[in-house]
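As a plain string of letters, each chain reads:
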Amino acid sequence: LNRSGQFNALSTEALITNQIDFSFWQEHKKDAVVFGKIEQVSSKVYNVYIYIYDVFSEKSLYQKKIRVHNSGFRRIAHFLSDKIYYVLLGQKGSFDTRLSYVTVSENSNGGRTYKLQISDSDGFNPQTVVRSSNPILSPAWSKDQKKLAYVSFKNNRSEVFVMTPFLKTIPIKLPKFDGIASSPTWHPDGESIALTLSKNGNKDIYLYDFKSKPIPLTTNIAIDTEASFSPDGSKIAFTSNRTGQVQVYIKDLKSGKISRATFEGRYNAKPVFSPDGKDLALIHRVGKDYRLALLDIASRDLTVMTQNKSDESPYFSPNGGMIIYSTNRDNKGILSIISLHNNQVVELMQKEGEVREPSWSNYSN
């Protein structure tokens, strides 16, 4: 809860009885009290109870009993954190969601091992869904959280694959297009994907529905890449060097109009729409450093969020309150999450190698 930047939660070792000392919590300037208990039903099954009370009205806001297998305690903790978030703030939380990312580690043969991994939203419970001796890039979740698209060099060229990580099926390679394929991103309907294709040596963005030929969304002699759909699917933001600088553009897919979105600095790239469609997270160059930045699309105000040297691959949490990104710490790639409510940064613990290319799933329901 504290990671979201919305709370200043204080835990207590004091025994909670049937009588809550509301005056004590009022003096400590706490708005709500959350408590619960765990009751063992059988060797592996438990009842989990949660209670939420408003400190000032002294009224119950929520109470629930949930039966859970002992393997599901983490998931229930995240589910209940989302419930607390919603009850107290009236907004969805982003705790019971998943991350995908790529890890890179040295193997015993002196080469590198690349793993596409998925985990809980805090980086725990990592599972390897693809392992390769060739680079893996750009994992992207479909909106329903059932599919992952990613780039692999397993055939010695950049190709896009789609997999269903929870069904244990073999990843499907997209057809061999005229040129290399990269930077996949899902349309919100989950039925099509935008990707960058290099035809005749020129990179443009195409829409592919898995049934017919790809449809070009950009046709420019410049390099157009790194597309991101707006939440309603009506626009794409993308990176282009069509002015001689690397800048972010937005295309209205209905009217066909393309407008430049970034004007500050000579390098802005890797745009991603916020869940409400009002902002873009992107990478902005300051001197020789590449930093996470937030762009208000309507006002064009650009806010640099970090002081790092090599930020990459930003992605919003599904409620828009946090951004995950990769950066470099002590010459090692790590993942960090920044709260947009108080700019608090939390680094996710990783057990092996370098970590890069994060993507945050939507809600599972």
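These notes cover the structure that comes with them. Sequence order as written defines residue numbering, which begins from 1 separately in each chain. Per-residue local features are limited, in this predicted model, to residues with pLDDT of at least 70; the limit for side-chain atom pairs, both in listing and counting, is 80 or more; totals at the level of whole chains, interfaces and linings are taken over all residues. Note that water and hydrogens are dropped before the side-chain values are worked out from all heavy atoms of the structure.

1. Brief notes about the side chain of T306
The numbering of helices and of strands both runs from the N terminus, where a helix is a DSSP run of H or I of at least 4 residues and a strand a run of E of at least 2. Within the fold, T306 resides in the loop between β22 (302–304) and β23 (312–316). Taking relative accessible area as the criterion, T306 reaches 5% and is therefore assigned buried. At 3.5 Å, the side chain of T306 and the backbone nitrogen of L292 are in polar contact. For the purposes of these results, a polar contact is taken to be a pair of N or O atoms within 3.5 Å, where, inside protein, one atom must be able to donate a hydrogen and its partner to accept one; residues adjacent in sequence count only when each atom of the pair is a side-chain atom. Of note is the side chain of T306, whose polar atom sits 2.5 Å from the side chain of D311. Here the term buried applies to any residue with accessible area under 20% of the maximum for its type, exposed to any over 50%, and partly exposed to those in between, with areas from a 1.4 Å probe on protein chains only.

2. Regarding the environment of F177
Note on placement: F177 falls in the loop between β10 (172–173) and β11 (181–186). Exposure remark for F177: the relative accessible area of 11% places this residue in the buried category. Sequence separation between F177 and L197 is 20 residues; the distance between their C-alpha atoms is 7.6 Å. With residues up to four places along the chain from it excluded, the contact list for F177 reads R157, L195, L197, Y208 and P214. Contact definition: two residues touch when any of their heavy atoms are within 4.5 Å.

3. Quick word on the layout of surface pockets
Points on a 1 Å grid, built from protein atoms alone, make a cavity when a 1.4 Å probe fits but cannot get out and make a pocket when they are open with protein on both sides within 12 Å along at least 5 of 7 lines; residues with an atom within 4 Å of a point are the lining residues. Grid points are joined across faces, edges and corners, and a volume is the space filled by probe spheres set on the points. Counted as a void, the largest pocket has a volume near 1,200 Å³. Around the largest pocket, the lining is made up of 37 residues, and of these L1, A9, L10, V34 and I84 lie nearest the centre. When residues in the lining of the largest pocket are grouped by element, the largest group, nine residues, is from helix α2 (residues 73–89). Classification used: nonpolar for Ala, Val, Leu, Ile, Met, Phe, Trp, Tyr, Cys and Pro, charged for Asp, Glu, Lys and Arg, polar for all others including Gly. Here the residues of the lining of the largest pocket sort into 22 nonpolar, eight polar and seven charged. By volume, the second largest pocket is sized at about 740 Å³. Among the elements of the structure, β7 (136–141), β11, β15 (224–229), β19 (268–273), β23 and β27 (354–360) are those that each provide at least two residues to the lining of the second largest pocket. When its residues are assigned to classes, the lining of the second largest pocket shows 19 nonpolar, 13 polar and four charged.

4. Topic: the nonpolar core
Here the nonpolar core consists of buried residues drawn from Ala, Val, Leu, Ile, Met, Phe, Trp, Tyr and Cys, with membership extended through side-chain atoms lying within 4.5 Å. Counting 14 residues, the largest nonpolar core has L174, F177, I193 and L195 as its most contacted members. Only β8 (148–152), β9 (159–163), β11, β12 (193–199) and β13 (202–208) provide two or more residues apiece to this core. Top contributing element to this core by residue count: β12, with three residues. Not counting residues within four places of it along the chain, the set of residues in contact with L174 comprises V160, V162, I193, L195, Y208 and F210.

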